[in-house]
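# Inside the fold
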Amino acid sequence: MPAKDSNQPDGGYGWVVVVSAFMVMGLTVAVLKTFGLLFVEIQQHFDELASTTSWITSVTIAIFHLGAPVASSLCVQYTHRTVVITGGLLAFSGMALGFFGFNMVWMYATTGFLQGLGISFSWTPAISIVSHYFSKKRALANAIASAGECAFAFMFGPFFQWLISQYGWKGALLIIGGIQLNICVCGVLMRPLASSCFLEASHCETETPPGNGACRRDKEDKSPIMHKTFNWMLMRQPEFVLYAIFGILAAMSFFVPPLFLVPLSYSLGIDESWTASLLSVLAMVDFGGRLLCGWYANLHVTKTIHLLAMAITLISTSLMLLPLANNYLSLAIFTGFYGFFFGTTVAIHITVLADVVGMPEFDSALGLFMLIRSTGGFVGPPLAGLIVDMAGDYRAGFYMAGAILVLSAGFLIILDRLQQTKIRGSKIRTKPEQSTLSYPSLHILKHQTRRGKDADENKKLPLSC
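Residues numbered from 1 in each chain as written. Predicted model: local features only at pLDDT ≥ 70, side-chain atom pairs only at ≥ 80, totals over all residues. Heavy atoms only, no water.

### Comments concerning the overall build of the protein
Regarding its fold elements, the protein presents 18 helices and zero strands. The long-range share in the protein, meaning contacts at least 24 apart out of those at least 6 apart in sequence, stands at 86%. (Helix = DSSP H or I, 4+ residues; strand = E, 2+ residues; numbered from the N terminus. Contact = heavy atoms within 4.5 Å.)

### Digging into helix H6 (residues 104–133)
In a regular helix each residue adds 1.5 Å, so 30 residues correspond to 44 Å; H6 covers 42 Å between its end C-alpha atoms and thus fits that length. The element H6 is extensively covered by neighbouring structure, given that 24 of its 30 residues are classed as buried. With a side-chain oxygen lying 3.2 Å from the backbone nitrogen of valine 105, the N-terminal cap of H6 falls on asparagine 103. (Expected span 1.5 Å × (residues − 1). Buried < 20%, exposed > 50% of the residue type's maximum accessible area, 1.4 Å probe, protein only. Polar contact = N/O pair within 3.5 Å; in protein donor to acceptor, adjacent residues only side chain to side chain.)

### Regarding unusual backbone geometry
Positive phi values are uncommon outside glycine, yet aspartate 47 reaches one of about 55°. Position of aspartate 47 among the secondary structure elements: in the loop between helix H2 (36–46) and helix H3 (50–66). According to the relative accessible area criterion, aspartate 47 is exposed, its value standing at 68%. One non-glycine residue, histidine 300, adopts positive backbone phi at about 60°. By the element assignment, histidine 300 lies in the loop between helix H14 (272–298) and helix H15 (304–321). For histidine 300, a relative accessible area of 61% puts it in the exposed group.

### Considerations on the packing of helix H7 (residues 138–146) against H14
Relative orientation of the contacting elements H7 and H14 amounts to 175°, with a least axis distance of 8 Å. If you check the angle between H7 and H14, you find them roughly antiparallel. Facing Ala139, Leu140, Ala143, Ile144 and Ser146 of H7, the residues of H14 in contact are Arg290, Leu291, Gly294, Trp295, Ala297 and Asn298. Its residues assigned to classes, the contact of H7 with H14 comprises seven nonpolar, three polar and one charged. (Axes fitted to C-alpha atoms, helices over the stretch in contact; angles between N-to-C directions. Parallel < 35°, antiparallel > 145°, perpendicular 65-115°, else oblique. Nonpolar A, V, L, I, M, F, W, Y, C, P; charged D, E, K, R; others polar.)

### Thoughts on the pattern of salt bridges
Oppositely charged side chains are able to pair whenever their charged atoms sit close together. Counted by the stated rule, this structure contains five salt bridges. Notably, a salt bridge pairs lysine 422 with glutamate 239, separated by 2.7 Å at the nearest N-O pair. Of this pair, lysine 422 sits in helix H18 (residues 395–460) while glutamate 239 sits in helix H12 (residues 238–254), and the two are 183 residues apart along the sequence. Overall, lysine 422 belongs to the partly exposed group, its relative accessible area being 41%. The class for glutamate 239 is buried, based on a relative accessible area of 11%. One salt bridge connects arginine 395 with aspartate 393, and the closest N-O pair in it is separated by 3.1 Å. By relative accessible area, which is 27% here, aspartate 393 ends up partly exposed. Among the ionic contacts, a cluster of salt bridges with common partners joins Glu149, Asp286 and Arg290. (Salt bridge = Lys/Arg side-chain N within 4 Å of Asp/Glu carboxyl O.)

### Section: the packing of aromatic side chains
To describe a pair of aromatic rings, you give the distance between the ring centres and the angle between the ring planes. For the structure shown, the criterion picks out 20 aromatic pairs. Pairing tyrosine 243 with phenylalanine 246 gives two aromatic rings, centres 5.3 Å apart and planes at 40°, and the pair type is tilted. Taken together, the residues tyrosine 243 and phenylalanine 246, both in helix H12 and three residues apart, mark about one turn of the helix. For tyrosine 243, a relative accessible area of 0% translates into the label buried. By relative accessible area, which is 3% here, phenylalanine 246 ends up buried. By way of ring pairs, the aromatic residues Phe22, Phe152, Phe156, Phe159, Phe160, Trp162 and Tyr167 are connected into one cluster. (Phe/Tyr/Trp six-rings, centres within 6.5 Å; stacked < 30°, edge-to-face > 60°.)

### Brief notes about H14
Compared with the 39 Å implied by 1.5 Å per residue over 27 residues, the 40 Å span of H14 between its first and last C-alpha is a close match. Of the residues flanking the end of H14, it is histidine 300, one or two places downstream, whose phi is positive at about 60°.

See the structure below:
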């Protein structure tokens, strides 16, 4: 049953939804971010190159994005709750079947494909329903929900390292899959929110007298919008296309640092226990960056797209400096800078998408955006792995990621300029209309004032006149 709350209540049960989304983020993306610990073990077990092993993560990321439009469509046809529960079961299946580890193709199909589909069916509805429950506090709510991956990644780093040491990488996969079953519990808590169309239709049925055709016509007009699951017409909007290109380039870079951070630390001779703590440092500062940026964005002091462009620029700078580290302390410092600015990016990039397309098209735009962005997530890790194999140094992957992020920031700047140009153009078009309308109004006002003065002068004349 739909909740009785009005659209976007900005609180109330919405905070329960935020907490549920917080957990879902932790049980999906946090697992993906800490997969670097398993990456080395799997590479050594199958005796494969970094580029070959990285296809596991690449397939996971690609299916994560490719499944987003399907998840968005299913959310409209069914509910966010149903899709999240399905995602939890798929994620568990991927990890549990990966336990057998027959060969690399098997790992691509299980830990790659099934796990990616499970993440997509869990993450997409979770982040979408939060945006529906909040309007004024949307940036803050999204920041809190997305911070779940940081909080869990902080714990998962040393925990996964311990699991691998105790049960091996296969046993660790099985246990992680069991933990991911908790996604189903989070899905149960995601109560559907009554849509505006549902409320308006109910209001029309109760307020309009029987036999009045107005209500019927309204329902017929709104039903196509209610049942629309995917809108390809968004590709005709230059603003959305520019933001989608930014998403492709960003996805090519975002998944590279967590994947190669652990191998880089090993190449520097850093102990395994200290290496696992790097992932905890990354998660901790990422968490702080998300909450701080979400709070600041909620103040509406700076445009969110400006915040995003600044964060992307600072991330690229951090990635360019990170390979200069030659010991644990310097590596932890540069990792901290990267993690903080990455957190600020994740906190607001969905909010920027909502600003670009508007909430009526948000669900379709989110699915389409994730679909387009999948190309970057699919190409990025293998390309970085190939560059690492050619250079013989894990530092090369970080340089590649930083350079691509610089390019992505340029598309954000172009998008902002386009939006400003359209705003200025709309203001110029409205000025002549305002001046035309103001002239007769001013003329009437002067005429009324003149008549008022004449009336006052007549009152002053003697009664005999």
